[in-house]
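Tertiary structure, described
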Amino acid sequence: MTRRRIRDIRNDELIEAAIEAIHQKGFVTVTMAEIARTAGASAASINYYFGSKDQLMEKTMRRLMSLLRSRLLAHLSGSETPRDRLLAIIDANFDDQLLTAQQCSVWVQFWANAPYAPRLARLHRINQHRVASHLRHELRQLVEPARQSALRASIQAYMDGVWIELAQRAGPVDATHARQAAREVVLTLLDGHGHSPRG
């Protein structure tokens, strides 16, 4: 087993503190000093590891996107049919490890600030294209070509909308309920569009 470097451990701790502080204070108003206090660290250490608030948000989002990728691989493991893989993609986007109140809040604030920061905008495009590509791949095998684009856009918009709604709620997030509701929506859309026997 590979031993983790002290720097990597410290990075993890600071990113966790950033997620909590951004959730509590908001990305626009939170200061690096407040994030440092949440981490039990000095503002100098935050600046040393991340440089600026935008860079901190970028590294935080890279960590969350990496988590999404790992959960996607876990959910896809053992999924044999296009229909099962499509539902696995949905489940991954509402996975217990990903869908928390704090991370919903940070993700939505990332979306809000991405248009004004080129590096964040690039990350946003990468993530949106990656999710779209996964959905498109399975929908090609389930839905006739003329309807694939609209169905993919509807599913993606629904998922984003749930994240936005949950980010505005007080209290904990029910990831199990979110997965179940999302599955029902997707299956309703598939039934309405007519999926192929291969699914």
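Residues numbered from 1 in each chain as written. Predicted model: local features only at pLDDT ≥ 70, side-chain atom pairs only at ≥ 80, totals over all residues. Heavy atoms only, no water.

Digging into the overall build of the chain
Of the regular secondary structure elements, the chain holds nine helices and zero strands. Mapped in sequence order, the helices and strands of the chain form the string α-α-α-α-α-α-α-α-α. Its C-alpha atoms give the chain principal-axis dimensions of roughly 60 × 40 × 30 Å. The buried share of the chain, reckoned over its 199 residues, is 44%. Put simply, of all contacts in the chain between residues at least 6 apart along the chain, 74% involve residues at least 24 apart. Accessible surface computed for the chain: about 10600 Å², of which carbon and sulfur atoms make up 52%. Averaged over its 27 positive side-chain charges, the chain has a centre that lies 8 Å from the centre of its 20 negative ones. (Helix = DSSP H or I, 4+ residues; strand = E, 2+ residues; numbered from the N terminus. Buried < 20%, exposed > 50% of the residue type's maximum accessible area, 1.4 Å probe, protein only. Contact = heavy atoms within 4.5 Å. Areas by Shrake-Rupley, 256 points an atom, 1.4 Å probe, with all protein chains shown as cover. Lys, Arg positive; Asp, Glu negative; His and termini not counted. Charge placed at Lys NZ, Arg CZ, Asp CG, Glu CD.)

Structural notes on the packing of helix α4 (residues 53–76) against helix α6 (residues 101–113)
The angle between the axes and the distance between the axes are what describe a pair of packed helices. At a minimum axis distance of 11 Å, the contact between α4 and α6 shows a crossing angle of 120 degrees. Classified by the angle between their axes, α4 and α6 sit oblique to one another. Handedness of the α4/α6 crossing: left-handed. On α6, the residues touching Met57, Thr60, Met61, Leu64, Met65, Leu67 and Leu68 of α4 are Gln103, Val106, Trp107, Gln109 and Phe110. Residues belonging to the contact of α4 with α6 are distributed by class as follows: nine nonpolar, three polar and no charged. (Axes fitted to C-alpha atoms, helices over the stretch in contact; angles between N-to-C directions. Parallel < 35°, antiparallel > 145°, perpendicular 65-115°, else oblique. Left-handed = near helix turned anticlockwise from the far one by under 90°. Nonpolar A, V, L, I, M, F, W, Y, C, P; charged D, E, K, R; others polar.)

A look at the packing of aromatic side chains
Counting across every chain of the model gives three aromatic pairs. Between the aromatic rings of Tyr48 and Tyr49, the centroid separation amounts to 5.3 Å while the plane-to-plane angle is 85 degrees, which identifies the pairing as edge-to-face. Geometrically, the ring pair formed by Tyr49 and Phe50 is tilted, given 6.4 Å between the ring centres and 45 degrees between the ring planes. For the pair shown, Tyr49 and Phe50 are each scored as buried. (Phe/Tyr/Trp six-rings, centres within 6.5 Å; stacked < 30°, edge-to-face > 60°.)

Notes on the nonpolar core
As a rule of thumb, nonpolar side chains are buried together in soluble globular proteins. In this structure, Met61, Phe94, Leu99, Trp107 and Phe110 are the most contacted members of the largest nonpolar core, which totals 58 residues. For this core, the element with the most residues is α4, which contributes eight residues. Setting aside residues up to four positions removed in sequence, Leu99 forms contacts with Phe94, Cys104, Trp163, Leu166, Val173, Ala175 and Ala178. (Core = buried A, V, L, I, M, F, W, Y, C linked by side-chain atoms within 4.5 Å.)

Observations concerning α4
End to end, α4 covers 34 Å across 24 residues, agreeing with the expected 34 Å (1.5 Å per residue, within 8%). One or two steps after α4, the chain reaches Gly78, where phi turns positive at roughly 90 degrees. (Expected span 1.5 Å × (residues − 1).)

Looking at the pattern of salt bridges
Tallying each qualifying case throughout the model produces 10 salt bridges. In this structure, the salt-bridge partner of Glu58 is Arg119, at a minimum N-O distance of 2.7 Å. Remark: Arg119 occurs in helix α7 (residues 118–139) and Glu58 occurs in helix α4; sequence separation between them is 61 residues. The closest approach of N and O atoms between Asp91 and Arg183, which form a salt bridge, is 2.8 Å. On the criterion of sequence distance, the pair formed by Asp91 in helix α5 (residues 82–93) and Arg183 in helix α9 (residues 175–193) is long-range, its members being 92 residues apart. Accessibility expressed as a relative area gives 10% for Asp91, which makes it buried. When salt bridges that share partners are traced, they join Glu58, Arg62 and Arg119 into one network. (Salt bridge = Lys/Arg side-chain N within 4 Å of Asp/Glu carboxyl O.)

Some thoughts on the packing of α6 against α7
One can describe the packing of α6 onto α7 by two numbers: an axis separation of 9 Å at closest approach and a directional angle of 115 degrees. Note on packing geometry: the crossing formed by α6 with α7 is left-handed. Two secondary-structure elements touch here, α6 through Trp107, Phe110, Trp111 and Asn113 and α7 through Leu120, Leu123, His124 and Asn127.

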